[in-house]
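Survey of secondary and tertiary structure
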Amino acid sequence: MDYFALRNGVLHAEDVSLPAIAAAVGTPVYVYSRATLERHAQVFAEGLAGLDAPLIAFAVKANPNLAVLRVLARQGYGADVVSGGELARALAAGMPPERIVFSGVGKTREEMRQALDAGIRQLNIESEEEGRELAELAAALGKRARCVLRVNPDVDAGTHDKITTGKADNKFGVPIARARELFDALAGLDGLALTGVAVHIGSQLASLEPLEAAFAKIGALIGELREAGHTVDTVDLGGGLGVPYKAGETYPSPAEYGAMVARVTKGWNVQLVFEPGRVIAGNAGILLTRTIRVKRGVAHPFYVLDAAMNDLARPAMYGAWHDIVAVEPSGETAVANVVGPICETGDTFAMGREMDALKSGDLAVIRTAGAYGATMASSYNSRGFVPEVLVDGDKFAVVAERLSAAAIMDAEPIPDWLD
Ligand code: LLP
């Protein structure tokens, strides 16, 4: 459910018409709906209402825009961060350190120090090597780093290979069979307060079954760790719930997810942490683009948009489907190839797709672009970075300015000695 809908034949974000945004800000532009973000945040939290005071930490990687993070902070959300940059953003957006968790296999010493200085809730450590380094650093600073051990449960999430994280040969976490041994080695170190475990098996999950299988393995591990005398007071269950990218698709709801979690985690007696990203932000954003021209093709016309793979990488990177609709649909449909202007065949949003007919100059929308959209942009082909707009009722504001190709060029000095 989102707040992007046709009104009098024109697509609106809440009460703002998209042509008004295109006229004021130009295209391409990402547009986020505050009401949709808040609704998703509330529906997800309500799904977990049966649990005892869970911490919901938005996966900042999905959408790190400061205004978006501020909206979620006001909903009581914390943050799951994976870099010093994301940590700084979460703090700048007003997320309290005690609601911030730090994941990732490659935290640098500098990032660990940043996390310890900020006093975040926990670091999710992903290897024995990382645990020892963190312990040493924290001890040198006279601190104890609160942390949990991320385990890899060797469960296939059944999603795209590039976004699967919980199989044995993925780089994430430590094999669950070694968790006990690593607790024995790390929990006693001076600089560490290792008091829990974390798991995240992948993203865009279409079924709850792999999650349930992973969580059941965690349940068994908790018993084993406690039996060995370790404290387990926190379990971080990660993110991963999928969202519909095609009109009419259905995915497990937060309520179904919450009911499954409540059933599987009954009696665990821990604080649960969740790291949802896509399910909160995905359908709260769209990419608004203009048709540069319609080029004749052999089988189908090419709709050449002013948005490209550098602005929204998912179709090129994962072959992902995103619905594409006209902002002012004429009622006519066509079968078309939808492409961007970049000089790569992969710069394709759709092939042979039946969709709203577009003509040169028409505005169109690529839907479900609020998660892993703007944040994965690059400046390939010297195209600059697309601006972002947040809509709230009948008002809107630019929440990320367009970073023009010229501005990027300004940051590239040519050394004198080349002359
Ligand atoms: N927690 C951890 C440790 C993660 O690695 C991720 C996502 C999440 C939480 C949030 O997962 P979500 O709830 O959003 O599924 N760029 C890809 C998705 C990469 C996801 C990486 N990790 C895409 O566009 O589909």
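Residues numbered from 1 in each chain as written. Predicted model: local features only at pLDDT ≥ 70, side-chain atom pairs only at ≥ 80, totals over all residues. Heavy atoms only, no water.

Looking at an unreviewed UniProt entry, the protein carries the name Diaminopimelate decarboxylase, with the source organism given as Alteriqipengyuania halimionae. Recorded under Cofactor (unreviewed entry), the UniProt text for the protein is reproduced unchanged: "pyridoxal 5'-phosphate". Under Function (unreviewed entry), UniProt gives the following word-for-word description of the protein: "Specifically catalyzes the decarboxylation of meso-diaminopimelate (meso-DAP) to L-lysine." (UniProt positions renumbered as here; feature names shortened; annotations may be inferred.)

1. Things to note about the overall build of the protein
Helix and strand content of the protein: twelve helices and 21 strands. Its C-alpha atoms give the protein a radius of gyration of 23 Å, within 12% of the compact-globule value 22 Å for 419 residues. Principal-axis analysis of the C-alpha atoms places the extent of the protein at approximately 70 × 60 × 40 Å. Burial statistics for the protein: of 419 residues in total, 53% are counted as buried. Relative to all contacts within the protein whose residues are 6 or more apart in sequence, the contacts with residues 24 or more apart total 70%. Accessible area of the protein: about 17,900 Å², with a carbon and sulfur share of 50%. The distance from the centre of the 39 positive side-chain charges to the centre of the 52 negative ones in the protein is 2 Å. (Helix = DSSP H or I, 4+ residues; strand = E, 2+ residues; numbered from the N terminus. Rg over C-alpha atoms; globule rule 2.2 N^0.38 Å. Buried < 20%, exposed > 50% of the residue type's maximum accessible area, 1.4 Å probe, protein only. Contact = heavy atoms within 4.5 Å. Areas by Shrake-Rupley, 256 points an atom, 1.4 Å probe, with all protein chains shown as cover. Lys, Arg positive; Asp, Glu negative; His and termini not counted. Charge placed at Lys NZ, Arg CZ, Asp CG, Glu CD.)

2. Some remarks on the pattern of salt bridges
Per the stated rule, a full pass over the model turns up 18 salt bridges. Notably, a salt bridge pairs Asp392 with Arg34, separated by 3.0 Å at the nearest N-O pair. Of the two residues, Asp392 sits in strand β20 (residues 388–392) while Arg34 sits in helix α2 (residues 34–47), which places them 358 residues apart along the sequence. A relative accessible area of 24% places Arg34 in the partly exposed class. When the shortest N-O distance is used, the salt bridge between Arg178 and Glu128 registers 3.6 Å. Taken together, the residues span a long stretch of sequence, with Arg178 in the loop between β10 (174–175) and α7 (179–186) and Glu128 in helix α6 (residues 128–140) at a distance of 50 residues. (Salt bridge = Lys/Arg side-chain N within 4 Å of Asp/Glu carboxyl O.)

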